[in-house]
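# Coordinate inspection notes
These are the residues of each chain, in order.
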Amino acid sequence: MAEVTLTSYIVLGVGLFMLLNSAAITVYAERRVAGLIQNRVGPNRVGPFGLLQPIADVLKLIFKEDVTPDKGNKVLHTVAPMIPVVTALLTVAVIPFGEGLYATDINAGVLYLLAVASLGVYGVTLAGWASNSKYSLLGGLRAAAQMISYELPLGMAVASVILFVGSLSVVDVAVAQENWWFVFLNPVGAIIFIIAAFAESNRTPFDLVEAEQELVGGFHTEYSSMKFGMFFLAEYMHVVINSMLMTTFFFGSYHLPFAGYWLPELSPLVKGILDVSVFTAKTAFFVFFFIWVRWTIPRFKYNQVMKLGWSRLLPISILNFFVIAAILFFIVG
């Protein structure tokens, strides 16, 4: 494990600050893009161009009454919203934003990311159970079933990347894409990862855990005030985190296309600014992609979601893993 230095703490602090603020920016971007897609204005009253709308939303949630069901589990009802927020924040520690710009380089960073990501389902499931509501419980159970069915193909897609790198370090994954992004070498894995990331984020067309026509509001039906606000925050934080992971594992991380072939040697300062700018631009594109898909594709039925995960993505991801392994072993050597 790499030594934790002052620079590591600074990078981690900046990363956490960016992640917390990116949620507010993403909420604003979603409303503006939704307005554009639906040929309407979007937020334009609170502040210039509606830029203060996310702040108004936070203030509204803070001053709302916090209601806890009398028959529910009050402790778990309070703790559950914190879990998805904390798991989103924990992932920042191992994501490289540029050459040398990461909090720590864990030699099993990929396993760390997968482990932390799998913990997020506990918050949703516990929220559904602790509310003592049938609608909430159904939403929590759906979340558990959906997460399990899509974590497996997502893990296999990441494993197919590890075959190319030969290391479980996230930093090594980023460095290995200086010449060739893994989306060119492993397009099937990239597609599987993107689909599974949408399902993991509970975003349309996989937002069955809160399908309002069936479950009222799903797992957060009995939540209000900042407890609901934390679920709202966590959803958009996971959108940003998954956009970062798509960028890191398949789209070159902080590297420009084929940078190893044409990009000249740059000073550390210029290289750092360029790396962060490239990484941020790619992440912003995938955040836009999340929003674009939400307002374009209708929600699936629940049996379609389960069938896609178990009967389609999982077999294809396993086959893709073994095909890549065979090519690397027998042909590339």
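The present account deals with the structure reproduced in this document. Sequence order as written defines the numbering, with residues in each chain counted from 1. Residues qualify for local features only when their pLDDT is at least 70, as the model is predicted, and side-chain atom pairs are given and counted only at 80 or more; totals for whole chains, interfaces and linings, by contrast, use all residues. To get the side-chain values, all heavy atoms of the structure are used, and hydrogens and water are removed first.

What follows covers the pattern of salt bridges. Any two side chains of opposite charge can pair, given that their charged atoms come close. Think of a salt bridge as a Lys or Arg side-chain nitrogen and an Asp or Glu carboxyl oxygen that are within 4 Å of each other. Evaluation of the coordinates by the stated rule reveals 8 salt bridges. The residue Lys271 makes a salt bridge to Glu99 at a minimum N-O spacing of 3.3 Å. Pair noted here: Lys271 is in helix H13 (residues 268-294) and Glu99 is in the loop between helix H4 (82-90) and helix H5 (109-130), with a separation of 172 residues, a long-range link. Each residue gets one of three labels from its accessible area relative to the maximum for its type: buried under 20%, exposed over 50%, partly exposed in between, using a 1.4 Å probe on protein chains only. Overall, Glu99 belongs to the exposed group, its relative accessible area being 54%. When salt bridges with common partners are traced through the structure, they connect Glu30, Arg203, Glu235 and Arg294 into a single cluster. Runs of H or I in DSSP of at least four residues are treated as helices and runs of E of at least two as strands, each being numbered from the N terminus.

Approximately 1000 Å³ is the volume found for the largest pocket. Two kinds of site are reported from a 1 Å grid over the protein atoms alone, namely cavities, where a 1.4 Å probe fits but cannot get out, and pockets, open sets with protein on both sides within 12 Å along at least five of seven lines, and residues are called lining when an atom falls within 4 Å of a point. Considering the residues around the largest pocket, the lining is formed by 49 residues, among which Ser201, Phe231, Ala234, Glu235 and Tyr236 are closest to the centre. Looking at the lining of the largest pocket, the elements with two or more residues in it are helix H1 (6-37), helix H2 (53-63), H4, H5, helix H6 (134-165), helix H9 (187-200) and helix H11 (225-250). Among the elements that make up the lining of the largest pocket, the one with the highest residue count is H11 (11 residues). Among the residues forming the lining of the largest pocket, the class breakdown is 26 nonpolar, 10 polar and 13 charged. Grid points are joined across faces, edges and corners, and a volume is the space filled by probe spheres set on the points. What the second largest pocket holds in volume is close to 420 Å³. Glu99, Glu178, Leu263, Lys271 and Asp275 are the residues nearest the centre of the second largest pocket, which is lined by 21 residues in total. Taken together, the elements giving at least two residues each to the lining of the second largest pocket come down to helix H12 (259-262) and H13. Note on residue categories: nonpolar means Ala, Val, Leu, Ile, Met, Phe, Trp, Tyr, Cys or Pro, charged means Asp, Glu, Lys or Arg, and polar means any other residue, Gly included.

We now examine H9. Every helix has an expected span of 1.5 Å times one less than the residues it contains. In this model, H9 (14 residues) spans 20 Å end to end at C-alpha, consistent with the 20 Å of a helix rising 1.5 Å per residue. Looking only at H9, the buried set comprises Gly189, Ala190, Ile192, Phe193, Ile194, Ala196, Ala197, Phe198, Ala199 and Glu200. On its buried face, H9 sits against H5, H6, helix H8 (182-185), H11, H13 and helix H14 (302-332). Just beyond H9, the residue with positive phi is Asn202, at close to 55°. We call two residues in contact when some of their heavy atoms are within 4.5 Å.

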